[in-house]
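Coordinate inspection notes
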Amino acid sequence: MNDKTVVLNAGLVNYDGNVDYSSIASDVIIFDETPEDLILERVQDATVVVTKEMKVSGKIIRQFPDSVKMICEAGTGYNNIDLDAVREKGIMLCNIPAYSSERVAHTGIMMMMNLASEMQKQIRMLAEGNHDNFHKHLMVKHVELNGKTLGLIGYGNIAKEMSKVAQALGMRVIASTRTPREDCEGVHFTDFDTVLRESDFLSLNCPLNDTTRHMIDKVALDKMKPSAYIINTARGALIDEEALIRALQGGVIAGAGLDVQEVEPLDENSPLFTMDSVIITPHMGWRGLETRRRLIDLLRENIKAFAKGQPINRVD
């Protein structure tokens, strides 16, 4: 089968020039970015369309030429692609699962360790020339992770990797999943409200869809311990950001580690940038060099399997 491929926004992955998209198919056209009004022009005659966290509306997909047989989301989440339109057009949709599981999990663990020692506040003190931590007693909170409870919402590949590290650190791990399941791998599965109430660190590890959008709202935040921290390396809109800001300002919870935000990039005036109790990063969990190169390797395998008539990783 023809594997003529167009990559619409390669610059999101190859921002440093260290990733090579040219090997993913025998015939590849690569664009660093594509504005919405050029999408239809650039997919003409293509068989495979590759995007990365790029919104492609149903209106545009329904106008795709008949040559397009597959859309490949170069990542795990595919909430940016209109599934109804893909199905109406008879276009396959595939993703790249598990390419960044360890790196994203380690980002979440890094945030937990830093929050446990108020590292954000310590760094700001140093930037301001304040050396009280060195000349007086320690001026920040500094607590252990061992003995604390990590609560996982969702139990996919990333959550499993987080659980492994957390247990190695001596943490208790509990989880809530959409489908009830038996305890396994050192994890106790329970209901959503119990995870909210018992977690010292609450990690979100589920996809964004109509049922999970704003799953962490004021009601959910009010159920958490005032000493608890929330970690989000999944999708920003899982959290009602305004409710989170109010909860942080009011001491409803102790802090947050956010690698994703409800709107990216985050508004320059957001108070999240300046809160001592918040670690905020620019959706970096998947951006490790090795991670991005693995992504390209798996993308090539997806297209190769499609060209052989044996598609893999279909999610449509």
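See above for the structure.
Residues numbered from 1 in each chain as written. Predicted model: local features only at pLDDT ≥ 70, side-chain atom pairs only at ≥ 80, totals over all residues. Heavy atoms only, no water.

Further remarks concern the nonpolar core. If you look at the biggest cluster of nonpolar residues, it comprises 32 residues, and the most contacted ones within it are Leu202, Ile216, Ile230 and Leu272. Elements represented by at least two residues in this core include exactly helix 8 (192-198), strand 9 (201-204), helix 9 (218-222), helix 10 (241-249), strand 11 (255-258) and strand 12 (278-280). In this structure Leu202 touches Gly151, Ile153, Val195, Leu196, Ile216, Met224, Tyr229, Ile230 and Ile231, once residues within four positions along its chain are discounted. (Core = buried A, V, L, I, M, F, W, Y, C linked by side-chain atoms within 4.5 Å. Buried < 20%, exposed > 50% of the residue type's maximum accessible area, 1.4 Å probe, protein only. Helix = DSSP H or I, 4+ residues; strand = E, 2+ residues; numbered from the N terminus. Contact = heavy atoms within 4.5 Å.)

Helix length check: helix 11 (residues 289-307) (19 residues) gives 27 Å between terminal C-alpha atoms against 27 Å at 1.5 Å per residue, within 8%. At its buried positions, helix 11 is contacted by strand 1 (5-7), strand 3 (48-51), strand 4 (70-73), strand 5 (92-94) and helix 4 (101-116). Of the residues flanking the end of helix 11, it is Gly309, one or two places downstream, whose phi is positive at about 80°. (Expected span 1.5 Å × (residues − 1).)

One way to put it is that helix 4 packs onto helix 7 (residues 157-168) with a least axis distance of 8 Å and a crossing angle of 50°. In terms of orientation, helix 4 and helix 7 fall into the oblique class. The handedness of the crossing between helix 4 and helix 7 is right-handed. Taken together, the residues of helix 7 that come into contact with helix 4 (itself represented by Ser101, Glu102, Val104, Ala105, His106, Gly108, Ile109 and Met112) are Asn157, Ile158, Glu161, Met162, Val165 and Ala166. Its residues assigned to classes, the contact of helix 4 with helix 7 comprises eight nonpolar, four polar and two charged. (Axes fitted to C-alpha atoms, helices over the stretch in contact; angles between N-to-C directions. Parallel < 35°, antiparallel > 145°, perpendicular 65-115°, else oblique. Left-handed = near helix turned anticlockwise from the far one by under 90°. Nonpolar A, V, L, I, M, F, W, Y, C, P; charged D, E, K, R; others polar.)

Before going further, it helps to examine the pairing of strand 4. The alternating pattern of strand 4 places Met70 and Cys72 on one face and Ile71 and Glu73 on the opposite face, and all of these are buried. Bridge analysis of strand 3 against strand 4 gives four bridges, and the strand direction is parallel. By the bridge assignment, Val48 is partnered in strand 4 with Met70. Across three bridges, the pairing between strand 4 and strand 5 is parallel. Counterpart to Met70 in the pairing with strand 5 is Met92. (Pairing = 2+ DSSP bridges.)

Throughout the structure, instances matching the rule amount to 14 salt bridges. Its salt-bridge partner being Glu53, residue Lys52 comes within 3.4 Å of it at the nearest N-O pair. We classify Lys52 as buried; its relative accessible area is 1%. Taking the relative accessible area as the measure of exposure, Glu53 reaches 27% and is therefore partly exposed. Lys89 serves as the salt-bridge partner of Asp66, at 3.9 Å between the closest nitrogen and oxygen. With Asp66 in the loop between helix 2 (58-61) and strand 4 and Lys89 in helix 3 (residues 83-89), the pair connects residues that are 23 residues apart, well separated along the chain. (Salt bridge = Lys/Arg side-chain N within 4 Å of Asp/Glu carboxyl O.)

On to the sheet that holds strand 4. Taken in spatial order, the five strands make up an open sheet running 2-1-3-4-5, and their pairing is parallel. Among the strands making up the open sheet, the edge pair consists of strand 2 (28-30) and strand 5. The sheet shows a mean angle of 15° between the axes of neighbouring strands, taken without regard to direction. Along the sheet, helix 11 contacts strand 1, strand 3, strand 4 and strand 5; its crossing angle with strand 4, the most-contacted strand, is approximately 165°.

What follows concerns the sheet that holds strand 9. Pairing in this open sheet of seven strands is parallel, and the strands run 8-7-6-9-10-11-12 from one edge to the other. Only two strands of the sheet have a single partner each, and these edge strands are strand 8 (187-189) and strand 12. The sheet shows a mean angle of 20° between the axes of neighbouring strands, taken without regard to direction. Sheet analysis places strand 9 next to strand 10 (residues 229-232), joined by four bridges and oriented parallel. Its bridge partner being in strand 10, Phe201 is matched across the sheet by Tyr229.

Within the secondary structure, Thr107 is located in helix 4. What makes Thr107 buried here is its relative accessible area of 1%.

Further remarks concern the packing of aromatic side chains. Pairs of aromatic rings are described using the distance from one ring centre to the other and the angle between the two planes. On inspection of all chains with the given rule, the structure shows two aromatic pairs. Centre to centre, the rings of Tyr155 and Phe189 are 5.2 Å apart; their planes meet at 90°, and the pair counts as edge-to-face. Residue Tyr155 is found in the loop between strand 6 (149-153) and helix 7, and its partner Phe189 is found in strand 8; the two are separated by 34 residues along the sequence. Assigned by exposure class, Tyr155 and Phe189 land together as buried. Here Phe201 and Tyr229 contribute two aromatic rings whose centre-to-centre distance is 5.3 Å and whose plane-to-plane angle is 15°, an arrangement assigned as stacked. One end of the pair, Phe201, is in strand 9; the other, Tyr229, is in strand 10, and 28 residues separate them in sequence. With relative accessibility at 2%, the residue Phe201 sits in the buried group. Just above the ring of Phe31 sits the side chain of Arg42; from NZ or CZ to the centre is 3.9 Å. Sitting over the face of the ring of Trp286, Lys52 holds its NZ or CZ atom 4.2 Å from the ring centroid. (Phe/Tyr/Trp six-rings, centres within 6.5 Å; stacked < 30°, edge-to-face > 60°. Lys NZ or Arg CZ within 6 Å of the ring centre and 35° of its normal.)

Honestly, that's just the spatial picture; any functional story needs more than this.
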